[in-house]
Amino acid sequence: MNLEDLPIRDDLRGMKAYGAPQLDVAVRLNTNENPYPPSERLLDDLALTIRREAAELNRYPDRDAIELREELAAYLGHGLGRERVWAANGSNEVLQQILQAFGGPGRTAMGFEPSYAMHPLITTGTNTTWVRASREADFSLDPAGAVAAIKEHDPDIVFLTSPNNPTGTAVPIETIEAVIEAARGMVVIDEAYFEFARTGTPSALTLLGRHPRLIVTRTMSKAFAMAGTRLGYLAAHPAVIEALLLVRLPYHLSTVTQATARTALRHREDLLKDVQRLREERDATVGWLRGRGLEVADSDANFVMFGRFPDRRKIWQGLLDQGVLIREVGPPEWLRVSIGTKDEMSAFRQAMENVL
Ligand SMILES: *Cc1c(COP(=O)(O)O)cnc(C)c1O
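In the nomenclature of an unreviewed UniProt entry, the protein is known as Histidinol-phosphate aminotransferase of Nonomuraea soli. In its Pathway (unreviewed entry) section, the UniProt record describing the protein reads: "Amino-acid biosynthesis; L-histidine biosynthesis; L-histidine from 5-phospho-alpha-D-ribose 1-diphosphate: step 7/9."

**Points about the site of the ligand**
The ligand sits among 13 residues. The nearest are Ser 91, Tyr 193, Thr 219, Ser 221 and Lys 222. Within the side chain of Asn 165, one N or O atom sits 2.8 Å away from an oxygen atom of the ligand. Asp 190 is positioned with one of its side-chain polar atoms (N or O) 2.7 Å from a nitrogen atom of the ligand. With the chains in place, 94% of the 390 Å² that the ligand exposes on its own is no longer accessible. Top contributing element to the shell around the ligand by residue count: helix H3 (residues 90-102), with three residues. When its residues are assigned to classes, the shell around the ligand shows three nonpolar, seven polar and three charged.

**Let's talk about the domain arrangement of the protein**
When cut into domains, the protein gives domain 1 (21-37 + 269-355) and domain 2 (40-266). Here domain 1 meets domain 2 over a buried area of about 2100 Å², counting both sides, of which 58% is carbon and sulfur. A per-residue breakdown of the area domain 1 buries against domain 2 is headed by Leu 271, Arg 279 and Asp 300, which together make up 31% of the total. Linking domain 1 with domain 2 are two salt bridges, by the criterion used here. Between Arg 41 and Asp 270 there is a salt bridge, with its nearest N and O atoms 2.6 Å apart. The interface formed by domain 1 and domain 2 holds 13 residue pairs in polar contact (both at pLDDT 80 or more) in total. Put simply, the parts of the chain that give the side of domain 1 that touches domain 2 at least two residues each are helix H9 (268-291) and strand S10 (303-307).

Criteria and cut-off values
Starting from 1, residues in each chain are numbered consecutively following that chain's sequence as written. Only residues with pLDDT of 70 or above have their local features reported here, since the model is predicted, and side-chain atom pairs are shown and tallied only from 80 upward, although totals for entire chains, interfaces and linings are computed over all residues. Values shown for side chains rest on all heavy atoms present in the structure; no hydrogens or waters enter the calculation. UniProt positions are given in the numbering used here, feature names are shortened, and annotations may be inferred rather than shown by experiment. It suffices for a single heavy atom of a residue to lie within 4 Å of a molecule or strand for the residue to be listed as near it. Any pair of nitrogen or oxygen atoms within 3.5 Å is treated as a polar contact; in protein, a donor-acceptor pairing is required on top of that, and neighbouring residues in sequence qualify only through side-chain atoms on both sides. Each accessible area is a Shrake-Rupley result for a 1.4 Å probe, and residues are judged covered by the shown protein chains and nothing else. Per the convention used, a helix needs a DSSP run of H or I reaching at least four residues, while a strand needs a run of E reaching at least two, with both numbered from the N terminus. In the scheme used here, Gly and all other residues not listed as nonpolar or charged are polar, with Ala, Val, Leu, Ile, Met, Phe, Trp, Tyr, Cys and Pro taken as nonpolar and Asp, Glu, Lys and Arg as charged. All domain edges in this entry derive from an automatic or database-based domain assignment. The term buried area denotes the loss of accessible surface (1.4 Å probe radius) that occurs when two parts are joined, taken as the sum for both partners. By salt bridge we mean one thing: a side-chain nitrogen of Lys or Arg within 4 Å of a carboxyl oxygen of Asp or Glu.

Structure (structure tokens):
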């Protein structure tokens with residue numbers, strides 16, 4: 001029996017599951033993971049913490065993750081408290097809950113492409129209609145164009161990714177505010193890469209006080225080097241959090257997840273030191289690629305999009321043949337490389353020299 005033979009929902013027919021290849025390759029620079037594994041100190045702390053918490057694994061976890069949300073709020077700053085912060089299993093689950101509460105049949109969600117492929121996928125998965133608007137040729141977002149697209153389609157939810165994935169560049173805060181003012185519905189700013197942004201880039205968190213329909217999402221998957229933990233979170237008006245409580249599954253965040261995330265937050269000074277190393281490595285990678293005469297999008301993230309290659313598959317395969325896995329994603333002639341350790345980036349440069 002095949003998938004097509006099942007009585008699957010009509011709107012899911014013919015769709016493909018999300019799938020960046022998980023290949024066993026020496027240098028993996030394809031899913032924007034943080035290359036630095038947890039420190040020994042963090043691992044020791046984690047082992048003790050889990051040992052202690054596990055004594056109560058016969059009980060359900062704190063359903064509302066009170067302490068974790070309090071600590072995430074303290075990390076975010078901006079005067080936030082736990083009543084304005086929500087957490088779930090990865091920011092993908094956070095996004096799904098937003099769509100469950102504010103999207104659904106007969107409703108629309110809009111994004112400006114090229115952007116994060118999961119936004120349309122989660123939108124469709126929740127029976128919401130995806131409306132795609134476009135970025136400019138240089139991948140920036142023209143405020144007047146964005147406002148016009150919102151006025152034309154009147155979406156229930158607008159997604160803006162800043163810094164954007166896969167292009168890497170942050171959206172100016174004035175553009176974000178113009179989008180919020182034009183939109184009737186909820187506006188979600190996906191700040192998965194915010195910690196990597198170039199110095200002086202303001203967060204959409206600065207707009208929360210003025211805009212009750214604004215939601216800012218973050219994740220521990222990238223800057224915090226905790227992709228395996230699955231912890232995403234958001235900041236929004238307390239009424240938005242109440243709406244999300246209506247759709248979340250009870251006890252969605254396990255005791256182990258909550259304890260792991262809280263441990264990572266205690267070690268944030270160490271973890272964010274690695275972020276600084278990655279930002280420097282990123283800037284060096286942008287410079288190196290430009291020095292080779294390639295086009296490179298400005299990056300505020302832990303990855304760089306570069307081109308253009310009439311046959312990008314050939315470059316991608318050429319790198320893979322040398323044990324370097326990057327990502328074939330985004331506009332047709334471009335490729336994306338995640339920033340790895342110094343050694344990994346030197347392997348990437350060497351492999352690039354060879355394929356070019
Ligand atoms: C990686 C990424 C996320 C993070 O997803 P998690 O579910 O938290 O791992 C969210 N948004 C964007 C744009 C991303 O690239």
